[in-house]
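# Coordinate analysis (summary)
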Amino acid sequence: MEWNLIDWGVVGLVSLGLIFGLLWGTLRMLFLAFCVVIALLIQPITQPVTGDLLDQFVFGRLGDNSQIALMRSGSILVLSIFMPFVILSLVLAWPFNVLKKRVNPFINYIFGAGIGGAIGFMLACGGLILYAVASKEQIRYRIYCESQLTPLVYDSSQVVVRFMLDLFGNSQDMQRFVLDLELALAQADPRLATTCQGTTV
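Residues numbered from 1 in each chain as written. Predicted model: local features only at pLDDT ≥ 70, side-chain atom pairs only at ≥ 80, totals over all residues. Heavy atoms only, no water.

### Looking at the side chain of T50
Checked against the element boundaries, T50 lands in helix α2 (residues 43–57). For T50, the residues in contact, after removing those within four places along its chain, are I76, L79, S80 and M83. (Helix = DSSP H or I, 4+ residues; strand = E, 2+ residues; numbered from the N terminus. Contact = heavy atoms within 4.5 Å.)

### Regarding the side chain of S157
Mapped onto the elements of the fold, S157 is located in helix α7 (residues 150–167). Under the relative-accessibility criterion, S157 is labelled buried at 0%. With residues near it in sequence (within four places) discarded, S157 still touches C125, L128, I129 and L185. (Buried < 20%, exposed > 50% of the residue type's maximum accessible area, 1.4 Å probe, protein only.)

### Comments concerning the confidence of the model for the chain
On average, residues of the chain score 76 in pLDDT, and 80% of them reach the 70 mark or higher. Mean pLDDT values over the elements of the chain span from 66, in helix α6 (residues 141–146), up to 83, in α7. (pLDDT = per-residue confidence, 0-100.)

### What to know about a nonpolar patch on the surface
A contiguous nonpolar patch, built from L13, L16, I19, F20, L23, W24, I119 and L123 and spanning about 740 Å² of accessible area, is present on the exposed surface. Looking at which element gives the most residues to the nonpolar patch, the answer is helix α1 (residues 5–41), with six residues. Of the residues examined, L16 reaches a relative accessible area of 45% and is grouped as partly exposed. (Patch = residues over 30% accessible without salt bridge, like charges linked within 9 Å, V, L, I, M, F, W, Y side chains within 5 Å. Areas by Shrake-Rupley, 256 points an atom, 1.4 Å probe, with all protein chains shown as cover. Salt bridge = Lys/Arg side-chain N within 4 Å of Asp/Glu carboxyl O.)

### Here's the deal with the nonpolar core
The biggest cluster of nonpolar side chains holds 32 residues, and the ones touching the most others in it are L77, M164 and F168. Looking at this core, the elements that each hand over two or more residues are α1, α3 (66–91), α5 (105–135), α7 and α8 (172–187). When residues in this core are grouped by element, the largest group, six residues, is from α1. Ignoring sequence-local partners within four residues, the contact set of L77 consists of Q43, M164, F168, M174 and F177. (Core = buried A, V, L, I, M, F, W, Y, C linked by side-chain atoms within 4.5 Å.)

Take a look at the structure:
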């Protein structure tokens, strides 16, 4: 079976991840992953501050409806993770550079390529989740049938959303946001549409 545009898009993201991982190396990829994990862990602490700032300067002036509420929750989630990530990256930059000089360059860059490829695939999953939220339409089943990688990316995206639900289960706002993502992704399930032959699944 031939690959379609979606397949090449997924391959392109994975390839970019491989290239960046090869250029940056294992240590830098792990360093960035470490900063992301710490930022996720302290997100419940930074979330109230981020929410107050966004409400004061942005969403407090936009009114109140379901779309704005979803946008607000998503913005709080992203910024409450991004801000501590940037701070951690700057603070830990010097120890990282010292450690990097003590590691075998070949091993550093080869394993970095693998980590980068995995991150590229996760970006493809994130793209599918964003599409599901933005369109709120079922993915055409014909595309699903013709694509070699869309089924894998869709199933992986569901795993990512369930992981997010477990991770942010202590926050009502974040839990509501992730449940909205889960619902949108379920509504975009291509297996609920018509098959390639035009019959209903």
